[in-house]
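The residues making up each chain are set out below.
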Amino acid sequence: MTPATRQEVLGLYRKVLQIAKNWQSASGQIEETMREKEYIRNEARTLFRKNKNVTDPKLIKQCIEECEARIEIGLHYNIPYPRPIHLPPMGLAHKQGRTLRHQEKLRKISTPIYLKSHDEVS
């Protein structure tokens, strides 16, 4: 990891922790706010620790893009949790009727960047 990339990753981690510190839930209830703050901190710790040994520059860039996307979506919608995607069970089926394995491959490809690591952790 280059020093510039390291600084970018540490800056993102600090930014997430700062967002958690200043977070206010949409409902305005103190209990809900505290639960969401704790979720943000725990999610950041889990994902950053999980990826701390990543050395591939492409994978590092993908993780950075995912973090930035989750930050922007969370701030925009005022929801700290990843936004779910809704695909019908066979909505990606090929017209000639491929196997279920092909269906799962298409579903994985269609997963938005902000949910890639969430599926692995959950």
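Residues numbered from 1 in each chain as written. Predicted model: local features only at pLDDT ≥ 70, side-chain atom pairs only at ≥ 80, totals over all residues. Heavy atoms only, no water.

Student: What is the right way to look at the overall build of the chain in this model?
Tutor: Helix and strand content of the chain: five helices and zero strands. The buried share among the 122 residues of the chain stands at 26%. A separation threshold of at least 6 residues defines the contact pool for the chain, and within that pool the share at least 24 residues apart is 66%. Accessible surface, the chain as shown: approximately 8800 Å² in total, 57% of it carbon and sulfur. (Helix = DSSP H or I, 4+ residues; strand = E, 2+ residues; numbered from the N terminus. Buried < 20%, exposed > 50% of the residue type's maximum accessible area, 1.4 Å probe, protein only. Contact = heavy atoms within 4.5 Å. Areas by Shrake-Rupley, 256 points an atom, 1.4 Å probe, with all protein chains shown as cover.)

Student: Where do I start with a nonpolar patch on the surface in this structure?
Tutor: Among the surface-exposed residues, Y77, I79 and Y81 lie close enough to one another that they form a single nonpolar patch of about 260 Å² accessible area. By secondary structure assignment, the location of Y77 is in helix α3 (residues 57-77). On the basis of relative accessibility, which here comes to 41%, the residue Y77 falls in the partly exposed class. (Patch = residues over 30% accessible without salt bridge, like charges linked within 9 Å, V, L, I, M, F, W, Y side chains within 5 Å. Salt bridge = Lys/Arg side-chain N within 4 Å of Asp/Glu carboxyl O.)

Student: What's the story with the pattern of salt bridges in this structure? I'm lost.
Tutor: Side chains that carry opposite charge are capable of pairing whenever their charged atoms lie near each other. The tally for this structure, following the rule as stated, stands at four salt bridges. The closest approach of N and O atoms between R41 and E38, which form a salt bridge, is 3.0 Å. With R41 and E38 both in helix α2 (residues 30-50) and three residues apart, the pair spans about one turn of that helix. Here E38 falls in the partly exposed class, since its relative accessible area comes to 34%. Among the salt bridges present, the one from K61 reaches E65, with a minimum N-O distance of 3.4 Å. Here E65 and K61 lie together in helix α3, a separation of four residues that amounts to about one turn.

Student: Looking at this structure, how should I read the packing of helix α1 (residues 3-22) against α3?
Tutor: The axes of two packed helices give the description: the angle between them and the distance between them. The contact between α1 and α3 brings their axes to 11 Å, and the two run at 25°. Considered as vectors, α1 and α3 are oriented roughly parallel to each other. Along this stretch, α1 crosses α3, giving a crossing that reads as left-handed. For the pair formed by α1 and α3, the contact residues are T5, E8, V9, L12, K15, V16 and I19 on the first element and I60, I64, C67, E68, I71, E72 and L75 on the second. (Axes fitted to C-alpha atoms, helices over the stretch in contact; angles between N-to-C directions. Parallel < 35°, antiparallel > 145°, perpendicular 65-115°, else oblique. Left-handed = near helix turned anticlockwise from the far one by under 90°.)

Student: I would appreciate a short explanation of α2 in the present structure.
Tutor: Residues separated by three or four positions in an α-helix point in the same direction, a consequence of the helix having 3.6 residues per turn. Between its terminal C-alpha atoms α2 stretches 30 Å, which fits the 30 Å expected from 21 residues at 1.5 Å a residue. Listed in full, the buried residues belonging to α2 are T33, E36, K37, I40, E43, A44 and L47. Buried residues in α2, looked at end-on, bunch into an arc of 135°, giving them a common side. Of the exposed residues in α2, the ones pointing more than 90 degrees away from its buried face are I30, E31 and R49. (Expected span 1.5 Å × (residues − 1). Arc of directions from axis to C-beta.)

Student: Is there a simple way to explain the confidence of the model for the chain in this structure?
Tutor: Interpreting fine coordinate detail is not advised for predicted regions of low pLDDT. Taken over all residues, the pLDDT of the chain has a mean of 82, while the share at 70 or more is 69%. Mean pLDDT across the secondary structure elements of the chain bottoms out at helix α5 (residues 116-121), with 59, and peaks at α1, with 95. (pLDDT = per-residue confidence, 0-100.)

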